[in-house]
Amino acid sequence: MTAKLLLVEDNELNRDMLSRRLARRGYEVVFAQDGQAAVDAAAKLAPDLILMDMSLPVIDGWEATRRIKADQGLRTIPVIALTAHAMQGDANRALAAGCDEFETKPVEFERLLAKIEQLLAARAR
Amino acid sequence: MTAVAVPESEARWRDWLRRKDPVHPTVLLDYRLRVPTWILGALMFASALIARGSGWHMLTLTFATCIAWPHLAWFVASRSRNSKAAELRNLVLDLVLIGMLSALTGFSLWPTIASFLCINAGALSVGGWRFALYGLLAFTVAAAATHVVSGVPIASSSTVAETALSIGVLFIYTSMFGVHSYLQSRRMVAARHALLAQNRIAEEANRAKSRFLANMSHELRTPLNAIIGYSEMLEEQAADEHRSDLVADLQRIRGAGRHLLGLINDVLDLSKIEAGRTELVWETVDSRTLLDEVADTARPLMRKNANAFTVDCARGVGLIECDGVRLKQVLLNLLANAAKFTREGRVRLRLRQERAAGRDWQLFEISDTGIGMTAEQMGRVFQAFGQADAQIGREYGGTGLGLVISRRLCQLMGGDVTMASTWGKGSTFTVRIPVERRAEPSPGDAEPAPGDAETGSAQAGHA
């Protein structure tokens, strides 16, 4: 069974690029473009893992993560935060908001894949 | 031959008469002060002359002098080289006149004291002891000469009118100096307030600049992410399809993208440090563990140019108060440089502790047997974008900001980075960090670490 990843990213190019690369590695990728849509999609599409950009319109990635982690039905879905490099506080805030992992952009693709696999495996157990 | 040339001396005089420079405020103040006080002075001396039975011609001459002199003084002062020269001339001439008038009144006590003290106050406030001394000399010489020439006998007692007028002159003249210095100090206070307000505006502008830089670098990074990401994706595809010609070009795009990203990140880091917005995370770190972690990260870099890499730590080196993440960043940057500029040579990372300037310091020493630097290049390496030369930048890569950032970070931690290098032989960079954090570390008091402590401290615990 292929794992379903929810990619939350408002930038069209980055969304397209990342989803195609993930699809090449055999994942099913679904999208949301803002924080509110991410919370809705998490409930409706039941992804196995969420890749969440932090600077998002409507509600930002931190708040969206907080809402997902506050929901009994959704809290077990692992969330990987995608943060900008220089904002050192961003990563810590992401973890504080309940993210399970973080990766700085531009992502080291192989490292990101390793983190995805690790979290999926942990959840399957 | 019709020579119409004006003689040089006459031309100079004409220029001098016509000169109309902006008048110094002090010269203007003096003019306004002299016009009324010399009229009062005229009345004062006249009453003394009348009391001593002088004739009408003497009175007329006194009044004429006292009324004409301030205007003449203005004329001279406004054509002087500078306000100090103008003041010196006028005050000396003031005292010559006063000396003469005092002698003509037979040194009548009150007018003499009043007029001398007034001008003396002026001389002191304008030019200090030097002017006052010149004034005293002028007064004495003029008074003595007039006394001898005119033959007026000395009669120093004063009448009621002379006394009253003299007190009036003293009061008015000295009050004006008091008021003037009071206004001056008010202006200074106002100027200081204006300066503080300007500082606040400048600080706010600086913060705005930093915010702008932070936002801008975010905006720059977003499309760059796409460029790097797509080139990586295409690289994978090209590799799958065995298109090695494309792979090489795509790697160049990705490499250039990563380089640009490094530049943006470094510029942002540096601008944050310069704007004082870098918050250090202070913690107590075991520097042996830190050294091992740094060495592990650096090892793959060393293999690239086939360099031998050794790490050693002096005995007895233990905990240090610092920002561990930043210190690692600094050491990795220096090790990456050493690895980059050395081929098939040796890179050594050493840690030791020493005592200097009343404190304990940990010294991280990174030495290599690489290309080294000339004295001229060494002068530039700690400047932003001062990478030893442009050719080296092209050949070896790098942003040219790493050393600047490293040094600033160490200074924020109360230490410094110093270097020694020989062209063709290699370089040594030394990071010195105080073992214990100072009470209030701030970028302002990050005084350079003592650099001459290298000698005489070998007992600090070499392994």
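Keep in mind that what you see is a predicted model, and the values were worked out from it rather than measured.

Cut-off values and rules
- Residues numbered from 1 in each chain as written.
- Chains lettered and ligands numbered in written order.
- Predicted model: local features only at pLDDT ≥ 70, side-chain atom pairs only at ≥ 80, totals over all residues.
- Helix = DSSP H or I, 4+ residues; strand = E, 2+ residues; numbered from the N terminus.
- Buried ≥ 20, exposed ≤ 12 C-beta atoms within 10 Å, placed from the backbone.
- Contact = placed C-beta atoms within 7 Å.
- Nonpolar A, V, L, I, M, F, W, Y, C, P; charged D, E, K, R; others polar.
- Pairing = 2+ DSSP bridges.
- Axes fitted to C-alpha atoms, helices over the stretch in contact; angles between N-to-C directions.
- Expected span 1.5 Å × (residues − 1).
- Bend = angle between axes of the 7 residues up to and from the residue.
- Core = buried A, V, L, I, M, F, W, Y, C linked by C-beta atoms within 7 Å.
- Parallel < 35°, antiparallel > 145°, perpendicular 65-115°, else oblique.
- Left-handed = near helix turned anticlockwise from the far one by under 90°.
- pLDDT = per-residue confidence, 0-100.

A. Fine view of the overall build of chain A. Secondary structure summary: chain A contains 5 helices and 5 strands in total. Listing each helix as α and each strand as β along chain A from the N terminus yields β-α-β-α-β-α-β-α-β-α. Here chain A holds 125 residues, and the buried ones make up 37% of them. Taking contacts inside chain A between residues at least 6 apart in sequence as the whole, the part at least 24 apart equals 55%.

B. Here's a closer look at the overall build of chain B. Along the backbone of chain B there are 12 helices and 7 strands. For chain B, the proportion of its 463 residues judged to be buried stands at 32%. At a minimum sequence separation of 6, the contacts of chain B that also span at least 24 residues come to 75%.

C. Main features of the interface of chain B and chain A. Taken together, the contact pairs 15 residues of chain B with 13 residues of chain A. Those elements that provide at least two residues to the side of chain B that touches chain A are α6 (160–240) and α7 (244–274) of chain B. In terms of residue count, the dominant contributor to the side of chain B that touches chain A is α6 of chain B (11 residues). Of the residues in the side of chain B that touches chain A, the class split is 6 nonpolar, 6 polar and 3 charged.

D. Region of interest: the sheet that holds strand β4 (residues 346–356) of chain B. All names here are of chain B. As summarised here, the arrangement of the 5 strands in space is β2-β4-β5-β7-β6, forming an open sheet in which the pairing is mixed. In this open sheet, the two edge strands, each paired with only one partner strand, are β2 (308–313) and β6 (416–422). Ignoring strand direction, the axes of neighbouring strands in this sheet form an average angle of 20°. Looking at chain direction, β6 and strand β7 (residues 426–434) are connected through 7 bridges and run antiparallel.

E. Looking closely at the sheet that holds strand β4 (residues 79–84) of chain A. All names here are of chain A. The sheet built from 5 strands is open, its strands ordered β2-β1-β3-β4-β5 with parallel pairing. Strands at the two margins of the open sheet, each flanked by one partner only, are β2 (28–32) and β5 (101–105). Strand-to-strand twist across the sheet, computed as the mean angle between neighbouring axes with direction ignored, equals 25°. Pairing of strand β1 (residues 4–8) with β2, which is carried by 5 bridges, proceeds in the parallel orientation. Paired with Lys 4 across the bridge in β2 is Glu 28. Along the sheet face, helix α1 (residues 12–24) touches β1 and β2 and points at about 160° away from the line of β2.

F. Broad picture of helix α2 (residues 25–51) of chain B. Residues and elements named next belong to chain B. Counted at 1.5 Å a residue, the expected span for α2 with its 27 residues is 39 Å, and the 39 Å between its end C-alpha atoms agrees. Helix geometry: α2 is bent most strongly at Arg 34, by close to 30°, with proline Pro 36 lying one to four residues after it. Looking one or two residues past α2, Gly 53 carries a phi angle of roughly 70°, positive in sign.

G. Quick peek at the pairing of β1 of chain A. All names here are of chain A. Across the 5 residues that make up β1, a large majority, 4, are buried. Both β1 and strand β3 (residues 49–53) contribute to a ladder of 4 bridges, which runs parallel. Following the sheet pairing, Leu 7 is matched in β3 by Leu 51.

H. Local environment of the environment of Leu 95 of chain A. Note that Leu 95 of chain A resides in helix α4 (residues 88–96). Here the alpha-carbon distance between Leu 95 of chain A and Ile 80 of chain A, two residues 15 residues apart in the chain, equals 9.3 Å.

I. Quick peek at the nonpolar core. By size, the foremost hydrophobic cluster in this structure holds 43 residues, and its most contacted members are Leu 331, Leu 335, Val 431 and Ile 433 of chain B. Within the residue set of this core, elements represented by two or more residues are α7, α8 (287–304), β3 (319–322), α9 (324–340), β4, β5 (359–368), α12 (402–412) and β7 of chain B. Of the residues forming this core, the biggest block, 7 residues, is contributed by α9 of chain B. Those residues within four positions of Leu 335 of chain B in sequence are excluded, and the remaining contacts are Val 294, Ala 298, Leu 301, Val 347, Leu 349 and Ile 366 of chain B. Judged by nonpolar contacts, the second largest core, of 32 residues, contains Leu 7, Met 52, Ile 77 and Val 79 of chain A.

J. Fine view of the packing of α1 of chain A against α6 of chain B. Here α1 of chain A crosses α6 of chain B at 25°, and the two axes come no closer than 9 Å. Here α6 of chain B runs roughly parallel to α1 of chain A, going by the angle between their axes. With respect to the hand of their crossing, α1 of chain A and α6 of chain B are arranged in left-handed fashion. On the side of α1 of chain A, the interface is formed by Leu 13, Asn 14, Met 17, Leu 18, Arg 20 and Arg 21 of chain A, while α6 of chain B contributes Asn 225, Ala 226, Gly 229, Tyr 230 and Met 233 of chain B. Taken together, the residues of the contact of α1 of chain A with α6 of chain B break down into 6 nonpolar, 3 polar and 2 charged.

K. Expanded view of α12 of chain B. Residue and element names in this part refer to chain B. With 10 of its 11 residues buried, α12 lies for the most part within the structure. Taken together, the buried positions of α12 are Gly 402, Leu 403, Val 404, Ile 405, Ser 406, Arg 407, Arg 408, Leu 409, Cys 410 and Leu 412. For α12, the secondary structure elements touched by its buried residues are α7, α9, β6 and β7. Immediately downstream of α12, the backbone of Gly 414 shows phi near 85°, a positive value.

L. Focus on the packing of helix α4 (residues 83–104) of chain B against helix α5 (residues 109–150) of chain B. Residues and elements named next belong to chain B. Across the interface, α4 lies against α5 with an axial gap of 5 Å and an inter-helix angle of 35°. Considering the relative orientation of α4 and α5, their crossing is right-handed. Class assignment of the residues belonging to the contact of α4 with α5 gives a composition of 20 nonpolar, 11 polar and 3 charged.

M. Spotlight on the confidence of the model for chain A. On average, chain A scores 88 in pLDDT, and the residues at 70 or more come to 95%. Predicted confidence in chain A is weakest over α4 of chain A, with a mean pLDDT of 74, and strongest over β1 of chain A, with 95.

N. Broad picture of the confidence of the model for chain B. Residue and element names in this part refer to chain B. Across chain B, pLDDT averages 83, with 88% of residues at or above 70. When the criterion is pLDDT under 50, residues 441–463 qualifies, and its contacts beyond four places in sequence or with other chains add up to 35 contacts. The ipTM, which scores confidence in the relative placement of chains, is 0.87 for this predicted complex, and the corresponding pTM is 0.55.

O. Here's a closer look at unusual backbone geometry. Across the junction of Lys 105 of chain A and Pro 106 of chain A, the peptide omega takes the value -5°, indicating a cis bond. As for its position among the elements, Pro 106 of chain A is in the loop between β5 and α5 (109–124). A positive phi angle, near 45°, is found at Ala 46 of chain A, a position not held by glycine. For Ala 46 of chain A, the location among the structural elements is in the loop between α2 (35–45) and β3. For Ala 46 of chain A, a count of 13 C-beta atoms within 10 Å puts it in the partly exposed group. A positive phi angle, near 50°, is found at Glu 344 of chain B, a position not held by glycine.

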